[in-house]
Amino acid sequence: KAGEFTPLIDRWVELARQCEKRPGQIDMLLGDIGHIPPPSTEPSERAFWVGALINPLPEMGVATGIRPELIMAETALERIDVAYDGILRSIAHMDGSDPLC
């Protein structure tokens, strides 16, 4: 799953740009969190990066909070699962197929 994030991230960014609370918010966020870590050598860091992307501070209201689950996960695979599910749910919320509220 760690290697499957790229198209999901691209879709998330596309949708999130439509939900920006101020112009350029997503570009600023991407600049703040830097490049996504490689899946093969840093799967946990990749999961944390996705968490920072979909749960920025201040909140955008486009995803449920996954930071506690990421921190509590005991393995890289568990963290990847949390991040993967989180970004899928956020995309479904933003594209209207499964709103969070």
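See the structure shown above.
Below is a short write-up of the structure. Per chain, residue numbering runs from 1 following the sequence as it is written. Reporting of local features is limited, given that this is a predicted model, to residues whose pLDDT is at least 70; pairs of side-chain atoms are given and counted only at 80 or more, and all residues count toward the totals for whole chains, interfaces and linings. Note that water and hydrogens are dropped before the side-chain values are worked out from all heavy atoms of the structure.

**Comments concerning the overall build of the protein**
Helix and strand assignments come from DSSP, with helices taken as H or I runs of at least 4 residues and strands as E runs of at least 2, each series counted from the N terminus. For the protein, the count of helices and strands is five helices and zero strands. Tracing the protein from N to C terminus, the helices and strands come up as α-α-α-α-α. We compute the radius of gyration over the C-alpha atoms and compare it with the globule rule, which gives 2.2 Å times the number of residues raised to the power 0.38. A globule of 101 residues ought to have a C-alpha radius of gyration of about 13 Å, and the protein, at 13 Å, matches this closely. In terms of principal-axis extent, the alpha carbons of the protein reach across some 35 × 30 × 25 Å. Within the protein, buried positions represent 41% of all 101 residues. Residue contacts are counted whenever heavy atoms from the two residues lie within 4.5 Å of one another. Here the contacts in the protein between residues at least 6 apart in sequence split such that 55% fall between residues at least 24 apart. For accessible areas, the Shrake-Rupley method is used with a probe of radius 1.4 Å. Any residue's cover is judged against the shown protein chains and nothing else. Of the roughly 5700 Å² that the protein leaves accessible, carbon and sulfur atoms contribute 55%. Taking the 9 positively charged and 16 negatively charged side chains of the protein as two groups, their mean positions are separated by 4 Å. Burial classification: accessible surface area is computed with a 1.4 Å probe over protein chains only, and a residue below 20% of its type maximum counts as buried, one above 50% as exposed, and the rest as partly exposed. When charges are counted, Lys and Arg contribute as positive and Asp and Glu as negative, whereas His and the chain ends are disregarded. By convention, charge coordinates are those of NZ in Lys, CZ in Arg, CG in Asp, or CD in Glu.

**A few points about the pattern of salt bridges**
Any Lys or Arg side-chain nitrogen located within 4 Å of an Asp or Glu carboxyl oxygen qualifies as a salt bridge. Counted by the stated rule, this structure contains two salt bridges. Measuring nitrogen to oxygen at the nearest pair gives 3.0 Å for the salt bridge that ties R11 to E14. Of this pair, R11 and E14 both sit in helix α1 (residues 5-17), three residues apart, which is roughly one turn of that helix. Taking the shortest distance from any N to any O, the salt bridge between R17 and D27 comes out at 2.4 Å. With R17 in helix α1 and D27 in helix α2 (residues 25-33), this residue pair connects regions lying 10 residues apart in the sequence. Assessed through its relative accessible area of 45%, D27 is described here as partly exposed.

**What to know about the packing of α1 against helix α3 (residues 43-54)**
It is the contact of α1 with α3, at a shortest axis distance of 12 Å, that shows an interaxial angle of 10 degrees. Here α1 is positioned roughly parallel relative to α3, judged by the angle of their axes. The residues of α3 that touch α1, namely those facing F5, T6, I9 and W12, are R46, W49, V50, L53 and I54. Under the convention adopted here, Pro, Cys and the residues Ala, Val, Leu, Ile, Met, Phe, Trp and Tyr are nonpolar, Asp, Glu, Lys and Arg are charged, and Gly plus all remaining residues are polar. Of the residues belonging to the contact of α1 with α3, the class tally is seven nonpolar, one polar and one charged. To get an axis, fit a line to the C-alpha atoms, keeping to the stretch in contact for a helix; angles then go from 0 to 180 degrees between the N-to-C directions. Convention used here: angles under 35 degrees read as roughly parallel, angles over 145 as roughly antiparallel, angles from 65 to 115 as roughly perpendicular, and any remaining angle as oblique.

**Some thoughts on unusual backbone geometry**
Each neighbour pair has its own omega, and for L57 with P58 the value is -5 degrees, a cis peptide bond. With respect to the element layout, P58 can be found in the loop between α3 and α4 (67-72).

**Some points on α1**
The terminal C-alpha atoms of α1, which comprises 13 residues, lie 18 Å apart, in line with the 18 Å expected from a rise of 1.5 Å per residue. Considering only its buried residues, α1 is in contact with α2, α3 and α5 (76-94). Every helix has an expected span of 1.5 Å times one less than the residues it contains.

**Some details on the environment of V62**
Secondary-structure assignment places V62 in the loop between α3 and α4. In this structure, the C-alpha to C-alpha distance between V62 and K21, residues 41 residues apart in sequence, is 11 Å. Excluding residues that lie within four positions of it along the chain, V62 makes contacts with W12, C19, I54, S90, H93, M94 and L100.

**Side note on α5**
Between the first and last C-alpha of α5 there are 27 Å, a value that for 19 residues agrees with the 27 Å anticipated at 1.5 Å per step. Where α5 is concerned, the buried positions are R79, I80, V82, A83, Y84, G86, I87, S90, I91, A92, H93 and M94. Buried residues belonging to α5 abut α1, α3 and α4. The positive-phi residue at the C-terminal boundary of α5 is G96, with phi of around 85 degrees.

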